[in-house]
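Listed below are the residues making up each chain.
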Amino acid sequence: MEIGYFTMPSHPPECGLKEGHDWDLQVLRWLDELGYQEAWIGEHHTAPWEPNPTPDLLIAQALMQTKKLRIGPGGFLLPYHHPAELANRVAMLDHLSEGRLNFGVAASGLPSDWAMFNVDGMSGQNRDMTREALEIILKMWSDPAPWTYKGKFWTVTKPDTMFDFLKPHIKPLQTPHPPIGVAGLSKNSDTLKLAGERGFIPMSLNLNPAYVGSHWDSVEIGAAKTGRKPNRADWRLVREVFVADTDEEAWKLSTGDMMGRMMGEYFLPLLGHFGFKDYLKHAPDVPDSDVTVEYCAKRNWIVGSPATVAEKIEKIYDEVGGFGVLCVFGFDYKHKPEAWHHSLSLLKNEVMPRLKHLGSAKKAA
């Protein structure tokens, strides 16, 4: 098992955009120094608690300040980008990364983002646009000119050579393209079926393990369509993680600090508005009112001393049937940077050595 990082990025609404960006950049440097495998950066346009419409700006800077960490959008919201422009932009980013870029894509789930871009998310238009955009992007990278793609949402032409030397020429550094990741939330997630169908990296967001177990079913359903055999080693699980020297300290720094504040002020109310609190429950008969910060911390979060955290990760691993990469959910601890760095360090240096047998068991299976 490997460890990575997934960040919305999340910052409290009073935080300045530059201030938040600088914190995210600092964390990415730490991840690289500590030997984390990868980091994924989200994109959102209308969420003051998730204030980053441009993951590629952060990624480009981070690539210049890190050496080994793989970094990528987690993901670009494809309905809001012209696919030909994004294909060139991502290809350029791949060259800047010297082959360390991951390419995360997503359909966008915020109704306020849908409204800003006039996308009918309620009818599933965002998902249809995502599939079409991805098809065009992959065609841009793989199919020589000339051609014209006439889709439902975009018409894109890859022209033949003009005036002797003008021609499409930008392709990613990695062949055939950077690894593609897609994130899923709902029980029968269409995006995770797409991951299975196309051999993309499946990512499960921070939900109750009982729910997340069903996500692999979606991957397998998609894979069956194209005769693929999905590998659990590719599966990423995003979890809230806080490791401290003692259980008491970890609880205080998580539920009693920014993790608890973000969940209480933003994430839980947001899921409540969408009717998504079921995704956080360990049993369907739990009332919505019981799904509090403390409930999530006890049932879903991975919080505690290194020994406690190792035990919790192994339990989740067994519950879901195995996965390849644990991605730490990112929070804004710039007011207590030492505590966040210590947590990331303990996870890498104290927790992961206790879980080595999980990786070997998986390989043997």
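Computed from a prediction, not measured in an experiment: that's the story for all the values here.

A.B. asks: Help me understand the overall build of the protein in this model?
C.D. replies: Looking only at helices and strands, one finds 13 helices and 13 strands in the protein. For 365 residues, the compact-globule estimate of 2.2 N^0.38 gives 21 Å, and the protein sits close to it at 20 Å. Scored against the burial criterion, the 365 residues of the protein give a buried share of 56%. Across the protein, every contact between residues at least 6 apart in sequence was considered, and the portion connecting residues at least 24 apart equals 74%. Within the protein, the 46 negative side-chain charges are centred at a point lying 5 Å from the centre of the 39 positive side-chain charges.

A.B. asks: Before we go on, may I ask you to explain the UniProt feature "domain: Luciferase-like" (unreviewed entry) in the protein in this structure?
C.D. replies: Those places that UniProt annotates as "domain: Luciferase-like" (unreviewed entry) correspond, in this numbering, to residues 1-321. Secondary structure over residues 1-321 splits into 44% helix and 15% strand, and the C-alpha atoms at its two ends are 13 Å apart.

A.B. asks: Before we go on, may I ask you to explain the nonpolar core in this structure?
C.D. replies: One broad rule of soluble globular proteins: the nonpolar side chains tend to lie buried together. Among the nonpolar cores identified, the biggest contains 120 residues, and Ile313, Phe323, Trp340, Leu344 and Leu347 are the most heavily contacted of them. With nine residues, the top contributor of residues to this core is helix 9 (residues 258-274).

A.B. asks: For this particular structure, what's the right way to read the environment of Ala195?
C.D. replies: Residue position: Ala195 is located in helix 6 (residues 190-198). Separated by 13 residues in the primary sequence, Ala195 and Val182 place their C-alpha atoms 6.4 Å from one another. When neighbours within four sequence positions are excluded, Ala195 is seen to be in contact with Val182, Phe200, Ile201 and Pro202.

A.B. asks: Sorry if this is basic, but what is going on with the state of the cysteines here?
C.D. replies: As used in these notes, a disulfide is a covalent bond between sulfur atoms, one from each of two cysteines. Evaluated as defined, the whole model comprises zero disulfides. Not engaged in a disulfide, the cysteine Cys327 finds its nearest cysteine sulfur in Cys296; these two sulfurs lie 19 Å apart.

A.B. asks: Even after reading the chapter, I still don't get the packing of helix 3 (residues 83-97) against helix 5 (residues 125-142), so can you show me in this structure?
C.D. replies: Any two packed helices are characterised by the angle at which their axes cross and by the distance between the axes. Closest axis-to-axis distance for the helix 3/helix 5 pair is 9 Å, and the angle between their directions is 55°. On the basis of their axis angle, the class for helix 3 and helix 5 is oblique. Where helix 3 crosses over helix 5, the two elements pack in a sense that is right-handed. From helix 3, Pro83, Ala84, Leu86, Ala87, Asn88, Val90 and Ala91 reach across to helix 5, where they touch Ala133, Ile136, Ile137, Met140 and Trp141. Looking at the contact of helix 3 with helix 5, its residues break down into 11 nonpolar, one polar and no charged.

A.B. asks: Would you mind going over the side chain of His11 with me for this structure?
C.D. replies: By the element assignment, His11 lies in the loop between strand 1 (2-7) and helix 1 (17-34). One polar contact links His11 to Asp24, side chain to side chain, over a distance of 2.8 Å. A polar side-chain atom of His11 sits 2.6 Å from a polar atom in the side chain of Asp332. The residues contacting His11, other than those within four sequence positions of it, are Gly20, Trp23, Asp24, Pro48, Trp49, Pro51, Asp332 and Lys334.

A.B. asks: Explanation requested: the sheet that holds strand 1 in the structure shown.
C.D. replies: Strand pairing in a sheet is mediated by backbone hydrogen bonds. Such pairs are either parallel or antiparallel. On the basis of which strands lie adjacent, the open sheet formed by nine strands has the order 3-2-1-13-10-9-8-5-4 and parallel pairing. Edge positions in the sheet fall to strand 3 (70-73) and strand 4 (76-77), since each of these pairs with one other strand and no more. Summarising the sheet, strand 8 (residues 180-184) and strand 9 (residues 201-204) pair through four bridges and their orientation is parallel. By the bridge assignment for strand 9, Ala183 is matched with Met203. Against the sheet, helix 7 (residues 209-226) makes contact with strand 8, strand 9 and strand 10 (236-239), and its axis sits at roughly 160° relative to strand 9, the strand it touches most.

A.B. asks: Sorry if this is basic, but what is going on with the environment of Asn102 here?
C.D. replies: Locating Asn102 in the fold gives a position in the loop between helix 3 and strand 5 (103-106). Distance from Asn102 to Asp160, taken between C-alpha atoms, is 29 Å for residues 58 residues apart in sequence. Not counting residues up to four positions away in its chain, the partners in contact with Asn102 are Glu38, Trp40, Arg70, Ile71, Gly72, Pro73 and Pro179. Looking at Asn102, its side chain comes within polar contact range of the side chain of Arg70, at 3.0 Å.

Calculation rules
Residues numbered from 1 in each chain as written. Predicted model: local features only at pLDDT ≥ 70, side-chain atom pairs only at ≥ 80, totals over all residues. Heavy atoms only, no water. Helix = DSSP H or I, 4+ residues; strand = E, 2+ residues; numbered from the N terminus. Rg over C-alpha atoms; globule rule 2.2 N^0.38 Å. Buried < 20%, exposed > 50% of the residue type's maximum accessible area, 1.4 Å probe, protein only. Contact = heavy atoms within 4.5 Å. Lys, Arg positive; Asp, Glu negative; His and termini not counted. Charge placed at Lys NZ, Arg CZ, Asp CG, Glu CD. UniProt positions renumbered as here; feature names shortened; annotations may be inferred. Core = buried A, V, L, I, M, F, W, Y, C linked by side-chain atoms within 4.5 Å. Disulfide = S-S within 2.5 Å. Axes fitted to C-alpha atoms, helices over the stretch in contact; angles between N-to-C directions. Parallel < 35°, antiparallel > 145°, perpendicular 65-115°, else oblique. Left-handed = near helix turned anticlockwise from the far one by under 90°. Nonpolar A, V, L, I, M, F, W, Y, C, P; charged D, E, K, R; others polar. Polar contact = N/O pair within 3.5 Å; in protein donor to acceptor, adjacent residues only side chain to side chain. Pairing = 2+ DSSP bridges.

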